[in-house]
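# Structural overview
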Amino acid sequence: MKKTIITLTIIAALSAATTTAFAAEIPRESASLNATEAQIQITENLIGDILDEVQSGELGYTLAAGYANTRIRKAVVANQTDGNGYGILSPIAQNAIRTTRDMYLRVEYYKSLE
């Protein structure tokens, strides 16, 4: 009986640890022209949850930009950005936050473009 409980506990812990969260994607049209797909992907991994909060209206532009800058700066200092610097990742994040916030505020305009 103990082995079964321990086994089920371990399986539950492992399955909870391996579930992935689906964060908002960075709108590709908001990225700068010199940004590569890898750089956009790195930025998306760093600020995806911030974009979710911007999409739902929980965060405004200024607060979201501050959180994103802090997170990107810490990742660059910790060498977690595959050699990409703050100077390229931060503008990608800022443009994505601005575009996402604009999409949240002007829904009718973006629906008319589709």
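Going along each chain's sequence as written, the residues are numbered from 1 onward. Note on the predicted model: pLDDT of at least 70 is required for a residue's local features to be given, and 80 or more for side-chain atom pairs to be given and counted; whole-chain, interface and lining totals, by contrast, use all residues. Values reported for side chains reflect all heavy atoms of the structure, with hydrogen atoms and water molecules removed beforehand.

## Here's the deal with the nonpolar core
How we decide: The definition of a nonpolar core used throughout is a set of buried Ala, Val, Leu, Ile, Met, Phe, Trp, Tyr and Cys residues joined through side-chain atoms within 4.5 Å. Think of it in three bands: residues with accessible area under 20% of the maximum for their type are buried, residues over 50% are exposed, and the middle band is partly exposed, with areas taken using a 1.4 Å probe on protein chains only. We count a stretch as a helix when DSSP gives it H or I for four or more residues in a row; a strand needs E for two or more, and each element gets its number in order from the N terminus.
In terms of nonpolar packing, the biggest core is built from 22 residues, with Ile-47 and Leu-51 touching the most fellow members. With seven residues, helix α2 (residues 37-55) is the largest single contributor of residues to this core.

## Some remarks on the confidence of the model for the protein
For clarity, the cut-off: As a per-residue measure, pLDDT reflects the predictor's confidence and takes values from 0 up to 100.
For the protein, per-residue confidence averages 84 on the pLDDT scale, and 80% of positions sit at 70 or higher. Within the protein, the lowest mean pLDDT, 61, falls on helix α1 (residues 2-18), and the highest, 95, falls on helix α3 (residues 61-77).

## Some details on the environment of Ser-90
As a reminder, the rule being used: Working rule for contacts: check all heavy atoms of both residues, and any pair within 4.5 Å makes them a contact.
Along the chain, Ser-90 turns up in helix α4 (residues 86-105). The sequence separation of Ser-90 and Asn-69 amounts to 21 residues, and the corresponding C-alpha distance is 6.3 Å. When sequence neighbours within four positions are dropped, the list of residues in contact with Ser-90 reads Asn-69 and Ile-72.

## Topic: α4
To be explicit about the condition: To estimate how far a helix should reach, multiply one less than its number of residues by 1.5 Å.
For α4, built from 20 residues, the straight-helix expectation of 28 Å at 1.5 Å per residue is met to within 8% by its first-to-last C-alpha distance of 28 Å. The set of residues buried in α4 consists of Ile-88, Leu-89, Ser-90, Ile-92, Ala-93, Gln-94, Ala-96, Ile-97, Thr-99, Thr-100 and Arg-101. Among the structural elements, α2 and α3 are those in contact with the buried residues of α4.

## Overview of the pattern of salt bridges
Rule in force here: By definition here, a salt bridge exists when the distance from a side-chain nitrogen of Lys or Arg to a carboxyl oxygen of Asp or Glu is within 4 Å.
One pass over the full model with this rule turns up four salt bridges. A salt bridge links Glu-44 to Arg-28; its shortest N-O distance comes to 3.0 Å. One end of the pair, Glu-44, is in helix α2; the other, Arg-28, is in the loop between α1 and α2, and 16 residues separate them in sequence. Through salt bridges that share partners, Arg-28, Glu-37 and Glu-44 make up one connected network.

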